[in-house]
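Examining the three-dimensional arrangement
The chain contents come next:
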Amino acid sequence: MSDLDQLTQSLARNLKRWRTERNFTLDALAARAGVSRGMIIQIEQARTNPSVGITVKLADALGVSITTLLDYEQGPHVRLVPPEQAVRMWSTEAGSSTTLLVGTESRGPFELWTWHLTPGDGSDSDAHPPGTMELLHVRSGELTLVVDGEEHLVAAGSAASFEANVAHGYHNKGAEPVEMTMAVSVPPAHAGAY
């Protein structure tokens, strides 16, 4: 079985599991996530491999980390993730990429990411649920962080934090690659809240 097949099977199994644990119907999850009911059915039946954006929307709507949605086999106290098990979530032909390093469900999803953005490349994200926070540290290059349409320059060695309940993006408008680490904290989802 290929890595993509394993990812598709894991996502199918875990999406159905978490939807059931949250007592969400297909329609309720579709409404919360802004993803069609048909797409959720296809994912749960392992008939499609959704985009990173759809996977993020589903994880946010369920109140779990992408790590948990992709692989629930986690130890009770300490979880070690060797480099070869980190999940490459996004990449471009220019060489930019994001990798989910590790995540946890303690008090809601909490994830740690590493990013590599080549000059001229970037990624935009829809708003996350209210209460979502992102923290980032730029190790090299200069990041143009866009939050709710406003640009913020984050130089190498600098850090930033922001509420991610608005549209936001990460862009490299400079001449050098951007290397950064990012942490994302999402509040837990509750079946009665929307």
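Presented here is an overview of the structure given in this document. The structure displayed is predicted, hence computed values, not measured ones.

Thresholds applied
- All chains use their own residue numbering, which begins from 1 and follows the written sequence.
- At least 70 in pLDDT is required for a residue's local features to be given in this predicted model, at least 80 for side-chain atom pairs to be given and counted, and no such filter applies to totals for whole chains, interfaces and linings, which use all residues.
- Think of the side-chain values as coming from all heavy atoms in the structure, minus any hydrogens and water.
- Burial status follows relative accessibility: with a 1.4 Å probe on protein chains alone, a residue under 20% of its type maximum counts as buried, one over 50% as exposed, and anything between as partly exposed.
- By the criteria applied, helices consist of DSSP H or I runs no shorter than four residues and strands consist of E runs no shorter than two, each listed in order from the N terminus.
- The arc under discussion is defined with respect to the helix axis, by the directions toward the C-beta atoms.
- Whenever two N or O atoms come within 3.5 Å, that pair is a polar contact, provided that in protein one can donate a hydrogen and the other can accept it, and provided that, for residues adjacent in sequence, both atoms are side-chain atoms.
- Salt bridge, as used here: a side-chain nitrogen of Lys or Arg that lies within 4 Å of a carboxyl oxygen of Asp or Glu.
- Every axis corresponds to a line fitted to the C-alpha atoms, with the helix fit spanning only the stretch in contact, and the corresponding angles, defined between N-to-C directions, vary from 0 to 180 degrees.
- Orientation labels follow simple angle bins: below 35 degrees gives roughly parallel, above 145 gives roughly antiparallel, 65 to 115 gives roughly perpendicular, and whatever is left gives oblique.
- For this analysis, residues touch if any pair of their heavy atoms sits within 4.5 Å.
- Only Asp, Glu, Lys and Arg are considered charged, only Ala, Val, Leu, Ile, Met, Phe, Trp, Tyr, Cys and Pro nonpolar, and every remaining residue, Gly among them, polar.

Moving on, we get to helix α3 (residues 37-44). Within α3, the full set of buried residues consists of Ile40, Ile43 and Glu44. Seen from one end, α3 has its buried residues packed into an arc of 95°, which puts them on one side.

To continue, consider the environment of Tyr170. Relative to the elements of secondary structure, Tyr170 occurs in strand β9 (residues 168-171). A sequence separation of 47 residues divides Tyr170 from Ser123, and the C-alpha atoms of the two residues are 5.4 Å apart. A distance of 3.4 Å separates a polar atom in the side chain of Tyr170 from a polar atom in the side chain of His168.

What follows is about the pattern of salt bridges. A complete count under the given rule lists six salt bridges for this structure. Arg19 is paired through a salt bridge with Glu44; the nearest N and O atoms lie 2.6 Å apart. Of this pair, Arg19 sits in helix α1 (residues 3-21) while Glu44 is found in helix α3, placing the two residues 25 residues apart along the sequence. The residues Arg19 and Glu44 share a single accessibility class, namely buried. In this structure, Asp27 and Arg37 form a salt bridge, with 3.1 Å as the shortest nitrogen-oxygen distance. Here Asp27, found in helix α2 (residues 26-33), pairs with Arg37, found in helix α3; they are 10 residues apart in sequence, far enough to count as distant. Among the residues examined, Asp27 registers a relative accessible area of 48% and is labelled partly exposed. The class of Arg37 is partly exposed, set by a relative accessible area of 39%.

So, about the packing of α1 against α3. Geometry of a packed helix pair, given as the angle between the helix axes and the separation of the axes. Two elements in contact, α1 and α3, have axes separated by 7 Å at closest approach and are oriented at 120°. As far as their axial angle goes, α3 and α1 are oblique. Contacts from Leu11, Ala12, Leu15, Lys16 and Arg19 in α1 reach Ile40, Ile43 and Glu44 in α3. Tallied by class, the residues present in the contact of α1 with α3 amount to five nonpolar, no polar and three charged.

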